[in-house]
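Read off the chains here:
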Amino acid sequence: MKTIAVIPARGGSKGLPDKNKRLLGGIPLVARTIRAARQSDCIDAVYVSSDDNDILRIAVDWGAVPIRRPDSIATDSATSESALFHVLDKLKEDGLSPETLVFLQCTSPFTTSTDIDAVVSSFEASGADCAFSVTDSHGFLWAIDEDGFGRGVNHDHNQQRKRRQDLPPEYLETGAVYTMNIASFRKAGHRFCGKLLPVPVKAPAIEIDSVQDWLVAESLSRVADRPLREVSLLRRIRVIVTDFDGVHTDDRVIVNELGQEAVICSRRDGMGIEKLRGAGYRILVLSKEQNVVVKRRAEKLKLEVIHGADQKADVLENWLEENDLEWSDIAFVGNDINDVECIRKAALGLCPSDAAPSVLRIADVVLPAEGGKGALRQLAEIALDDFS
């Protein structure tokens, strides 16, 4: 275990009570950071340090290792470093000696695994003792002089105002990700130890410390956080219904001289479907095509199948009634205009990235891959955190 992530998350907060377990986009604040850390390619284990029983339970639910923090370092005046050292000391007692510590703050709610990997990989490649996330800053800073008047800090206010693109690059610390060599961190006693490397990331530099910060984060989450909210919904859904052509296939058909048809499917999708079935998802293939290839592929994947469905919504309505299910119980994956009604009615509508424009406009989640080229595998990876 070379690289670990530690997320300090106290139970108390004066500015915004219980903020670390409040729901943002339907997900506890601390869980958002746990999820990003667990999706990182660079982190071997994730720990949450807290004095709060609810937060420790959330940590377990989302796949992190809980570390109970002593009350003496869980006060408003306690530093984050004290929590980090406590976790490192506990690991040392257990015979674990990681080399790299990734300190993540759950008050930065839009951190992604991509941001974490960017900071950690830059740290590893640079020889720095500490690397941390920053964003480009183009702000003009001012201070008040001894006479009570303004003076420029990062610009000369006595000169013609320069265009922002003409200013030397400056960066704002996001407060989200810090990566430290543990030996250097222990020696210095604080996160900014030795040689420092700012690493620009794309995540917005929002830190939640007040009600106003929370309102801003909620507003931003309605747009930036949409896929994460849908992941939470997908976890509660146990039935997935998919179109066949353009979802399991790339929407092409091969016809030989005898008029026999063949299609191309992805083995990666097949593995994803196997994982979904193993996790307890019920999967139905619903296809307009009355074609034996649809039936054969569904049989191979051990899926239920209905083919020759001209009016998909009506056929699916009957199937739901027969199985004592509601539209709110299903996720529907489609790619073309005859899937639109089902996508609208389902609790969650998904589509491959090459779906028809009318589908792309209404889908709750657009999977990055194209149909027949890994879209269903990506669905499995979204639904199953422990997919491997």
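Residues numbered from 1 in each chain as written. Predicted model: local features only at pLDDT ≥ 70, side-chain atom pairs only at ≥ 80, totals over all residues. Heavy atoms only, no water.

### Describing the pairing of strand 1 (residues 3-8)
Alright, step 1. Within strand 1, six of the six residues are buried, which leaves it mostly tucked inside the rest of the structure.
Alright, step 2. Side chains Thr-3, Ala-5 and Ile-7 project from strand 1 onto one buried face, and the interleaved Ile-4, Val-6 and Pro-8 project onto a second face that is buried too.
Alright, step 3. When strand 1 meets strand 6 (residues 100-104), the two strands line up parallel, connected through four bridges. From the neighbouring strand, Ala-5 faces strand 6, where its bridge partner is Val-102.
Alright, step 4. With five bridges connecting them, strand 1 and strand 4 (residues 45-50) associate as parallel partners. Across the sheet, the residue bridging to Ala-5 is Val-46, located in strand 4. (Buried < 20%, exposed > 50% of the residue type's maximum accessible area, 1.4 Å probe, protein only. Helix = DSSP H or I, 4+ residues; strand = E, 2+ residues; numbered from the N terminus. Pairing = 2+ DSSP bridges.)

### Structural notes on the packing of aromatic side chains
Alright, step 1. This structure, assessed with the given rule, holds five aromatic pairs.
Alright, step 2. Ring plane angle 5° and centroid distance 4.3 Å describe the contact between Phe-85 and Phe-185, whose orientation is recorded as stacked. Of this pair, Phe-85 sits in helix 3 (residues 80-93) while Phe-185 sits in helix 5 (residues 182-188); the two residues are 100 residues apart in sequence, bridging distant segments of the chain. Residues Phe-85 and Phe-185 agree in their burial class; the two are buried.
Alright, step 3. What links up through ring pairs into an aromatic cluster is the set Phe-103, Phe-132, Tyr-178 and Phe-192.
Alright, step 4. One Lys or Arg, Arg-22, reaches over the ring of Trp-214 and ends 4.9 Å from the middle of that ring. (Phe/Tyr/Trp six-rings, centres within 6.5 Å; stacked < 30°, edge-to-face > 60°. Lys NZ or Arg CZ within 6 Å of the ring centre and 35° of its normal.)

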